[in-house]
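Structure at a glance
Each chain, written out:
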Amino acid sequence: MKVATAESTPRERALRSEIEKIEKESGAKAISVALHDLETGFELRYHPTRWFHAASTIKVPILLGAFAAIDRGELLPHSRVHVRNRFLSVVEDIPFRVESGRDSNSAVHNAIGKMMRVDELAYHMITTSSNLATNLLLGVMGAAAVNDALRELDVDEGIELKRGVEDELAFEKGINNRVTADGLLRILVLLAEGKAFSPALSRRMMDILHGQEFNQGIPALLPKAARVAHKTGEISTVAHDAGVVYLPKRKPYVLVILTEWDQSDSGRSRTIASISHAIYEFLTLTPADA
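The notes below deal with the structure included here. Not measured: the values here are computed from a predicted model.

What counts as what
- Residues numbered from 1 in each chain as written.
- Predicted model: local features only at pLDDT ≥ 70, side-chain atom pairs only at ≥ 80, totals over all residues.
- Heavy atoms only, no water.
- Phe/Tyr/Trp six-rings, centres within 6.5 Å; stacked < 30°, edge-to-face > 60°.
- Buried < 20%, exposed > 50% of the residue type's maximum accessible area, 1.4 Å probe, protein only.
- Lys NZ or Arg CZ within 6 Å of the ring centre and 35° of its normal.
- Pairing = 2+ DSSP bridges.
- Helix = DSSP H or I, 4+ residues; strand = E, 2+ residues; numbered from the N terminus.
- Core = buried A, V, L, I, M, F, W, Y, C linked by side-chain atoms within 4.5 Å.
- Contact = heavy atoms within 4.5 Å.
- Salt bridge = Lys/Arg side-chain N within 4 Å of Asp/Glu carboxyl O.

Quick look at the packing of aromatic side chains now. For the structure on display, the rule yields two aromatic pairs. Summarising the aromatic geometry, the rings of phenylalanine 87 and phenylalanine 96 are spaced 6.0 Å apart at their centres and angled 45° between planes, so their arrangement reads as tilted. Among the residues examined, phenylalanine 96 registers a relative accessible area of 12% and is labelled buried. Across the ring face of phenylalanine 282, the terminal group of arginine 11 is positioned such that the distance to the ring centre comes to 4.5 Å. Here the basic side chain of arginine 50 rests over the ring of phenylalanine 52, its NZ or CZ set 4.5 Å away from the ring centre.

See the structure below:
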């Protein structure tokens, strides 16, 4: 991925101004955008190295870590994992559980005491953002192994994986998973280009990301012909979306939008969707149309 150059054309400046306008009108505390267009090579960076609480976007690096283990032969897609709901906090190994009422997926909770396959857990982790599936996969691999995989692929910059999800003791002590827009972009470009381990494994990860069920962000204002492989993430103060947008008759583009808010603010998904639409129009309208 080439190093982004300073925006210079009138259209590029207009796009940046549009993002600034959306940010100002939204009331967001912070917005970060990173874009890489595989069709033209165009890149946009808008506060790309600002750190945000990762929320569920950290599940993209964890997905990569799981497939790193598959690539090494340490796991198989059909390897079976015992479904439990007891994990150890990074704070003094104190046990904690993933509350079913706070998780977005009941299928994994319903399987407690049974076995599920690695590829099933990966699917639930991404498509319905199951926190229980995430912690089960991390329990098999370990956070250190995921971080090692990121370093080996040279996509560790801008990603900080420190703990499982729902580790409230760690949260209270400020130990959180963090990401930057640039960090997530590097991983997604690797996947979109088929360079994560092998084209076949990259496609399998992209297929999982295509199954995402929460589509109020990047895809919301795009045409029906658009297909988006992506991962959302939202907690009380942040809302994110990061993915690869496929349109007819062109190569895809990779887009990451990270946002931070006051707890009481609304309009988060609408803001992400508006930025996504502005970028779509920029990339697909000819200069004569713009």
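This is not the end of the story, as more comes after the structure.
Pairing in this open sheet of three strands is antiparallel, and the strands run S3-S9-S8 from one edge to the other. Edge strands, defined here as strands with exactly one partner in the open sheet, are strand S3 (52–53) and strand S8 (159–160). In the sheet, S8 pairs with strand S9 (residues 178–179) via two bridges, with the strands oriented antiparallel. If you follow glutamate 160 over to S9, its bridge partner there is arginine 178.

What follows covers the nonpolar core. What tends to happen in soluble globular proteins is that the nonpolar side chains get buried as a cluster. With 61 residues, the main nonpolar core has Leu63, Leu188, Leu191 and Leu209 as its most contacted residues. Examining the composition of this core, we find that nine residues originate from one element, helix H8 (residues 181–192), more than from any other. Not counting the four nearest positions on each side in its chain, leucine 209 is found in contact with Val60, Leu63, Ile126, Leu188, Leu191, Val228, Ala229, His230 and Lys231. Core analysis: the next-biggest nonpolar cluster, separate from the first, contains 28 residues, Ile19, Leu44, Tyr46 and Leu283 among them.

This part takes up the pattern of salt bridges. A full pass over the atoms with the stated rule returns 14 salt bridges. Between glutamate 260 and lysine 29 there is a salt bridge, with its nearest N and O atoms 3.9 Å apart. One end of the pair, glutamate 260, is in strand S12 (residues 253–260); the other, lysine 29, is in the loop between helix H1 (10–26) and strand S1 (30–37), with 231 residues separating them in the sequence. Put simply, arginine 268 and glutamate 234 hold a salt bridge, and the shortest N to O gap is 3.7 Å. Taken together, the positions of arginine 268 in helix H10 (residues 268–284) and glutamate 234 in strand S10 (residues 227–234) put the pair 34 residues apart, joining distant regions of the chain. Overall, arginine 268 belongs to the buried group, its relative accessible area being 8%.

Honestly, that's just the spatial picture; any functional story needs more than this.
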